[in-house]
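Chain residues, written in single-letter form:
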Amino acid sequence: MVDAADKRDRRYFLWDSELSGFGLRVEKSGAKTFIVRYRAEGGGRSAAQRFVTIGRLGTLTPEQARKHAKTVLGGVAKGEDPADERRAKRREMKITGLIDLYEEEGCVIQRGKRQGQPMKPLTKQLTLARLRNHVVPLLGHKRVSELNPGDIERFVRDVAAGKTNRDERLGPRRRIIVRGGEGAARKVVRDLSAVFSFAIRSEIVQRNPCETAAVRKTDNQRKRFLALDEVTRLGSALDQLEAEGVNSKAVNIARLWALTGCRREEIASLKWSEVNLDDGLLELDDSKTGRSIRPLGAAAVTLLESLPREAGSNFVFPAVRGDSYFQGTKRIWARAVKKAQLPGVTPHTLRHTIGSTAVSTGEALALTGAILGHANLRSTAIYAHVQNNPSRRAANRVSKKIAAALAGTVSHTGNRTKKQSVQPAMADIDALLTCLAVRLEAEGIAAQRVQSIITDAIARKEGSSKEMSGAGWPKPA
């Protein structure tokens, strides 16, 4: 029965038919834990119902767990309250023990539409690494009940000052480098605050000392993006590296970062099942904001069409060895930015570049949000009305500029090179009028008034076209 219990869309329980109160809890993730349910203070309907965790399946067999449950329930029959006793012991645990418990039970999303879902594996790995490399050395010896806001403030100052810095060789090709600084301090204090929020929910502590500590928890706002001449230098560097024989997967991943504005892992771990070349979309199963659909520009579609599909792997960029995806971009990216003379530029800078290029080109914020896959409610609501076609055209216009810069075929003084013909920006007025109609209707303006505005706009467009034609411009189709 235990082996056959599959995960469902919510947590559920299976109860033993022989030992009343002994059961199995199955999480949404599929994790299985043996538990005991009982009523405190001698039982009765008015008594509080309590749960005690026995252990995980795998660590314990069902028979071992049942034996342990009998001991717990025997104590309950004698008037004991094991849950209360366990909470009392937990209040005396040290920070190191609380972090261990957080790893086992508390690594879930705490807010937003994914609240309650398990952290992504990489997020969990990085979070626990920060806690173990910064919190444990400085605060691990303290009891959870005695930590106060002053301790948190001193901890943040110490991490910012580099007291937890380490550079240690663990073995062949294994090395751990821990760097402090203000950025690391801000991140780890947010992690520690999440640990204490978990401790409050588990009734281990009653307050979160991080909430009232006078420390900064927000990161600096990133404003770095690449101008088109810098994109050209990056494109040239990627071309040179490819000519020198570096792994083409790393180069093409970097090109797609630039052309799509997707997050680093969204491209590196991209699967062919998420690529819809017919409609020009990426249909990401599980992005930072959940399932996400991103429009692709023509340059990105062309690049994806040129990539070979390796038999036996669904990844667009499969690993050289093993069944995972390619993860060797870090070293090659460092070489690319050095060659392009772009110190400090990260893959995420390219995401800012797409956003800034879109806004500078005059794209609506809603369409820019659609390209980047933002979860902002206002942008999402507008995007739901305009649907995919206008956002795909916007993605095409923006990525066309990036592609031209990568290829070195655009002037950075504001004028086009000889490789590009001079055409007035008239091609997308119809799409703009469609978007305008949707926006006006969404804001409650009557349909008759919408029609009047559009008719007037079309008349102005035709008059403008005649003036441009008379002035020597090519007559628009």
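Above this text you will find the structure in question.
In this text the structure is predicted, and so the values were computed from the model without any measurement.

A. How the structure looks around the overall build of the chain. Across its full length, the chain carries 18 helices and 9 strands. Burial statistics for the chain: of 477 residues in total, 43% are counted as buried. Nonlocal contacts in the chain, meaning residues at least 24 apart in sequence, comprise 59% of its contacts between residues at least 6 apart.

B. Structural view of the packing of helix α4 (residues 121-139) against helix α5 (residues 149-160). As a packed pair, α4 and α5 sit with axes 11 Å apart at the nearest point and diverge in direction by 125 degrees. Considered as vectors, α4 and α5 are oriented oblique to each other. For the pair α4 and α5, the crossing hand works out as right-handed. Contacts from His 134, Val 135, Leu 138 and Leu 139 of α4 reach α5 at Asp 151, Phe 155, Asp 158 and Val 159.

C. Seen up close, the side chain of Arg 294. Mapped onto the elements, Arg 294 comes out in strand β9 (residues 290-295). The exposure class of Arg 294 is buried, given its relative accessible area of 1%. For Arg 294, the side chain forms a polar contact with the side chain of Ser 292, separated by 2.7 Å.

D. Representation of the sheet that holds β9 in the model. Reading across from one edge, β7-β8-β9 is the order of the 3 strands in this open sheet, with antiparallel pairing throughout. Edge positions in the sheet fall to β7 (275-276) and β9, since each of these pairs with one other strand and no more. Bridge analysis of β7 against strand β8 (residues 281-287) gives 2 bridges, and the strand direction is antiparallel. Counted as the bridge partner of Asn 276 is Leu 281 from β8.

E. Representation of the side chain of Thr 353. Locating Thr 353 in the fold gives a position in helix α13 (residues 347-361). When its relative accessible area of 2% is taken as the criterion, Thr 353 is described as buried. Side-chain polar atoms of Thr 353 contact the backbone nitrogen of Leu 226, separated by 3.0 Å. With near-sequence residues (within four places) excluded, Thr 353 lies in contact with Phe 225, Leu 226, Val 231 and Ile 402.

F. Representation of the environment of Glu 92 in the model. Tracing the backbone shows Glu 92 in the loop between α2 (82-91) and α3 (95-106). Judged by relative accessible area, which is 42%, Glu 92 ranks as partly exposed. When the C-alpha positions of Glu 92 and Lys 142 are compared, they lie 9.5 Å apart, and in sequence the two are 50 residues distant. Not counting the four nearest positions on each side in its chain, Glu 92 is found in contact with Arg 143 and Ser 145.

G. How the structure looks around the nonpolar core. Leu 234, Ile 267, Leu 282, Leu 304, Val 316, Phe 317 and Trp 333 are the most contacted members of the largest nonpolar core, which has 49 residues in total. Looking at this core, the elements that each hand over two or more residues are α8 (228-243), α9 (248-260), β8, α11 (298-306), α12 (329-339), α13, α14 (365-372) and α16 (388-407). Take this core: its biggest share by element is 8 residues, from α9. Other than its neighbours up to four places away in sequence, Phe 317 contacts Lys 249, Asn 252, Ile 253, Leu 256, Ile 267, Ala 268, Leu 270, Leu 307, Tyr 325 and Phe 326. Counting 33 residues, the second-largest nonpolar core is a separate cluster that includes Phe 155, Val 188, Ala 194 and Val 215.

H. Looking closely at helix α6 (residues 182-201). Under the 1.5 Å per step criterion, the end-to-end length of α6 is 29 Å for 20 residues, consistent within 8% with the ideal 28 Å. Within α6, 14 of the 20 residues are buried, which leaves it mostly tucked inside the rest of the structure.

I. Focus on the sheet that holds strand β4 (residues 49-56). On the basis of which strands lie adjacent, the open sheet formed by 4 strands has the order β1-β2-β3-β4 and antiparallel pairing. Because the sheet does not close on itself, it has two edges, and the strands there are β1 (12-15) and β4. When the angles between neighbouring strand axes are averaged without regard to direction, this sheet yields 35 degrees. In the packing of helix α1 (residues 62-77) onto the sheet, contacts are made with β2 (22-26), β3 (32-39) and β4, and the angle to β3 comes to roughly 20 degrees.

J. Expanded view of the packing of aromatic side chains. The final tally for this structure, using the stated rule, is 6 aromatic pairs. Ring centres 5.9 Å apart and planes at 20 degrees place the aromatic pair Phe 22 and Phe 34 in the stacked group. With Phe 22 in strand β2 and Phe 34 in strand β3, this residue pair connects regions lying 12 residues apart in the sequence. When its relative accessible area of 4% is taken as the criterion, Phe 22 is described as buried. The exposure class assigned to Phe 34 is buried, which follows from its relative accessible area of 2%. Members of the aromatic cluster, connected to one another through ring pairs, are Phe 13, Trp 15 and Phe 51. The lysine or arginine in question, Arg 8, covers the ring of Tyr 12, its NZ or CZ lying 3.7 Å from the ring centre.

What counts, and where the lines are drawn
- Each chain carries its own residue numbering, running from 1 in the written order of its sequence.
- Only residues with pLDDT of at least 70 get local features here, since the model is predicted, and only at 80 or more are side-chain atom pairs given and counted; chain-wide, interface and lining totals rely on the full set of residues.
- Remark: hydrogens and water are excluded; side-chain values derive from all non-hydrogen atoms of the structure.
- Every helix listed is a DSSP run of H or I at least four residues long, and every strand listed is a run of E at least two residues long, numbered separately from the N terminus.
- Per-residue accessibility, obtained with a 1.4 Å probe over protein chains only, is compared with the maximum for each type, and a residue is labelled buried under 20%, exposed over 50%, and partly exposed between these values.
- We call two residues contacting when some pair of their heavy atoms lies within 4.5 Å.
- Axis definition: a line fitted to C-alpha atoms, over the contacting stretch in the case of helices. Angles run 0 to 180 degrees between N-to-C directions.
- Orientation is classified from the angle alone, with under 35 degrees giving roughly parallel, over 145 giving roughly antiparallel, 65 to 115 giving roughly perpendicular, and any other angle giving oblique.
- Each crossing gets its hand from how the near helix is turned against the far one by less than a right angle, where anticlockwise is left-handed and clockwise is right-handed.
- Throughout this description, a polar contact denotes any pair of N or O atoms lying within 3.5 Å of each other; where both atoms belong to protein, one of them has to be capable of donating a hydrogen while the other can accept it, and for residues adjacent in sequence the pair is counted only when both atoms sit in side chains.
- Strand pairing is defined by DSSP finding a minimum of two bridges between the two strands.
- As used in this record, nonpolar core signifies buried Ala, Val, Leu, Ile, Met, Phe, Trp, Tyr and Cys residues forming a set joined through side-chain atoms within 4.5 Å.
- In this scheme, a helix's expected span is set at 1.5 Å multiplied by one less than its residue total.
- The criterion for an aromatic pair is that two Phe, Tyr or Trp rings (for Trp, the six-membered ring) have centres within 6.5 Å, with stacked assigned to planes under 30 degrees apart, edge-to-face to planes over 60 apart and tilted to the rest.
- Over a ring means this: the NZ of a Lys or the CZ of an Arg is within 6 Å of the ring centre and within 35 degrees of the ring normal.

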